[in-house]
Amino acid sequence: MRRRGLLAAGLAGAFIAPGPVSAKPGLLPRLPVKTGLDRLAAAGWAAVKGERIGVISNPTGVDREYRHLVDRMHADGVTIGGVFGPEHGFRGSAQAGGSEGTGTDARTGLTVYDAYLASQATWVQMFTAAGVRTVVFDIQDVGARFYTYIYTLYDSMAAAAQLGLRYVVLDRPNPIGGRAYGPMMTDGYTSGVGRLKITQQHGMTVGELARFYNGEFLTTPVKLEVIACTGWSGRLRAGDTDLPWVLPSPNMPTPDTAVVYPGTGMFEGVSSLSEGRGTTRPFELIGGPGFDYRWGDRVAALNLPGVAFREAYFTPTFNKFTGQLCAGVEVKVTDQAAFDPIRTAVGMLVEARKEAAFSWRLDGARHWIDLLTGSARLRTMIDAGAAADEVVGAWAGELAAFDRQRRPYLLYSRLGS
């Protein structure tokens, strides 16, 4: 492919998509929201003071002045028996699929346990070694089934239940709102990128997920307390609130990334297309060396709601196609209220499958896309030539059933979401 003098990935400017509160960015002030951390700190840590606690967190566990939960608690004399770091680590120094290991935190002198990929038995061992009686969870999730922090939540809850520990979730808004989309996980396809039977975009906060886990999945429920947010509802996205954004993982730099991720994250299951890792706009830039403008033109011609597509060329610095010029599209969300990230990505996949260069990614004998989507259905339907609407319609019933199943565990209104 001939290199072209177009906008490079490294020069792409931030694109702020309008949220459902206003048709134009900046027309209304951002709405004030208090997180569970804000409320616990304002109460002088009363819910955990006097107890030996374990904290599960990462760089997102901050207040609106970017002060970390662990640092504040430590300075205020709360007894912390141990800190537990998920994928990417407690301080966030590791890339995808990595962790920081077990060691001593330089700032506080506290022991930090490596909790990434920890089994429930390992969680029991870590909690016992730390001597904790109450567990506090404060991590910003982004609302997709294949984002691993929600399984850190699940396994640590199960271990706490075994030990009779109290479990406190400091809730944070779901940055992409309260609506659920996409297919359900099915038996035989669970993995590290989809452990539990929830839809691909679950539409819940971590506090709501914890309640859902406790009621639907845990054989022995944990003694759970959720310190809820105030001022948030399921119709709000990250750009509608006054909360600061801290990237939850190295490839989730902005709220824009989170909005598209439940859909374009599926391109991890395609070996011939980069999902934009190794660029400044991961999951918004999608392309590959064997593609050109024609794929993007067909995707744009779909006229999908709430989104536009820019012809884009980029060269990843790591991950797929390092140092190779890729052609494709930049996904530009124009109306978050109308945008369905999974329907959009299905349309992109249907058109990409028509290209000779297209190939699904294999992980041994398994197709990675099957693990991401929860079954072989999406892949086999696209391979058979199904249209995007047919693919999406195939999961309408299970999505509606999931919406009913989760309803008793919701803490926040979904009106207008």
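The structure displayed is predicted, hence computed values, not measured ones.

J.: Kindly report on empty space enclosed by the protein, identifying the contributing residues and their values.
T.: Tallied over the entire structure, the rule returns two cavities of 30 Å³ or more. The space that makes up the largest cavity amounts to roughly 100 Å³. Surrounding the largest cavity, Ile176, Arg179, Tyr181, Gln201, Arg237, Val259, Gln336, Phe339 and Pro341 form its lining. For the lining of the largest cavity, the class distribution of residues is five nonpolar, two polar and two charged. Built from parts of two domains, the lining of the largest cavity gets at least three residues from each of domain 1 (36–240) and domain 2 (255–394).

J.: So what about the pattern of salt bridges? Which residues, and what values?
T.: Tallied over the full model, the rule gives 31 salt bridges. Linking Arg67 and Asp63 is a salt bridge whose minimum nitrogen-to-oxygen distance equals 2.8 Å. Judged by relative accessible area, which is 4%, Asp63 ranks as buried. Ionic pairing is found between Lys320 and Glu275, a salt bridge with its closest N-O pair at 3.0 Å. With Lys320 in the loop between β11 (307–314) and β12 (326–333) and Glu275 in the loop between α6 (255–264) and β10 (285–288), this pair connects stretches of sequence that are 45 residues apart. Each member of the pair Lys320 and Glu275 is classed as buried. Counted as one network, the salt bridges with shared partners bring together Asp63, Glu65, Arg67 and Arg72.

J.: Explain the packing of helix α3 (residues 120–130) against helix α4 (residues 149–163) to me, using residue names and the numbers behind them.
T.: Where α3 contacts α4, the axes come no closer than 8 Å and their chain directions differ by 60°. For the element pair α3 / α4, the angle class is oblique. Remark: the crossing between α3 and α4 carries right-handed chirality. On α4, the residues touching Gln120, Trp123, Val124, Phe127 and Thr128 of α3 are Thr152, Tyr154, Asp155, Ser156, Ala158, Ala159, Ala160, Gln162 and Leu163.

J.: Give me the domain arrangement of the protein: which residues, what numbers.
T.: If you check the domain split of the protein, you get domain 1 (36–240) and domain 2 (255–394). A separation of 29 Å is found between the C-alpha centroids of domain 1 and domain 2. Counting residues at the interface gives 23 residues for domain 1 and 24 residues for domain 2. The contact between domain 1 and domain 2 buries some 1,900 Å² in all, and 63% of this surface belongs to carbon and sulfur atoms. At the boundary of domain 1 with domain 2, the tally comes to zero salt bridges. Secondary-structure elements contributing two or more residues to the side of domain 1 that touches domain 2 are β7 (181–184) and β8 (199–201).

J.: Explain the sheet that holds β10 to me, using residue names and the numbers behind them.
T.: Strands sit in the order β10-β12-β11 across an open sheet of three strands; the sheet is antiparallel. Whereas interior strands pair on both sides, the edge strands pair on one side only; in this sheet they are β10 and β11. The sheet shows a mean angle of 25° between the axes of neighbouring strands, taken without regard to direction. Taken strand by strand, helix α7 (residues 293–300) contacts β10, β11 and β12, and its axis lies near 170° from that of β11. Helix α8 (residues 341–352) contacts β10, β11 and β12 of the sheet and is inclined by roughly 50° relative to β11.

J.: Quick one: what's the story with the sheet that holds strand β6 (residues 166–170), residue by residue and with numbers?
T.: Ordered by their spatial adjacency, seven strands build an open sheet running β3-β4-β2-β1-β5-β6-β9, and the pairing between neighbours is mixed. The strands lining the two open edges of the sheet, one partner per strand, are β3 (103–104) and β9 (223–227). Here four bridges tie strand β1 (residues 53–57) to strand β2 (residues 80–85), and the two strands are oriented parallel to one another. The residue bridging Ile53 from the neighbouring strand is Ile80, located in β2. Of the strands in this sheet, β1, β2, β4 (111–114) and β5 (134–138) are in contact with α3, which crosses β2 at around 150°. On the sheet, helix α5 (residues 206–216) packs against β5, β6 and β9 and is oriented at approximately 160° with respect to β9.

Quick notes on the rules
- Residues numbered from 1 in each chain as written.
- Predicted model: local features only at pLDDT ≥ 70, side-chain atom pairs only at ≥ 80, totals over all residues.
- Heavy atoms only, no water.
- 1 Å grid on protein atoms, 1.4 Å probe; cavity = no way out; pocket = protein on both sides within 12 Å on 5 of 7 lines; lining within 4 Å.
- Points joined across faces, edges and corners; volume = space filled by probe spheres on them.
- Nonpolar A, V, L, I, M, F, W, Y, C, P; charged D, E, K, R; others polar.
- Domains from an automatic or database assignment.
- Salt bridge = Lys/Arg side-chain N within 4 Å of Asp/Glu carboxyl O.
- Buried < 20%, exposed > 50% of the residue type's maximum accessible area, 1.4 Å probe, protein only.
- Helix = DSSP H or I, 4+ residues; strand = E, 2+ residues; numbered from the N terminus.
- Axes fitted to C-alpha atoms, helices over the stretch in contact; angles between N-to-C directions.
- Parallel < 35°, antiparallel > 145°, perpendicular 65-115°, else oblique.
- Left-handed = near helix turned anticlockwise from the far one by under 90°.
- Contact = heavy atoms within 4.5 Å.
- Buried area = accessible area lost by both parts, 1.4 Å probe.
- Pairing = 2+ DSSP bridges.

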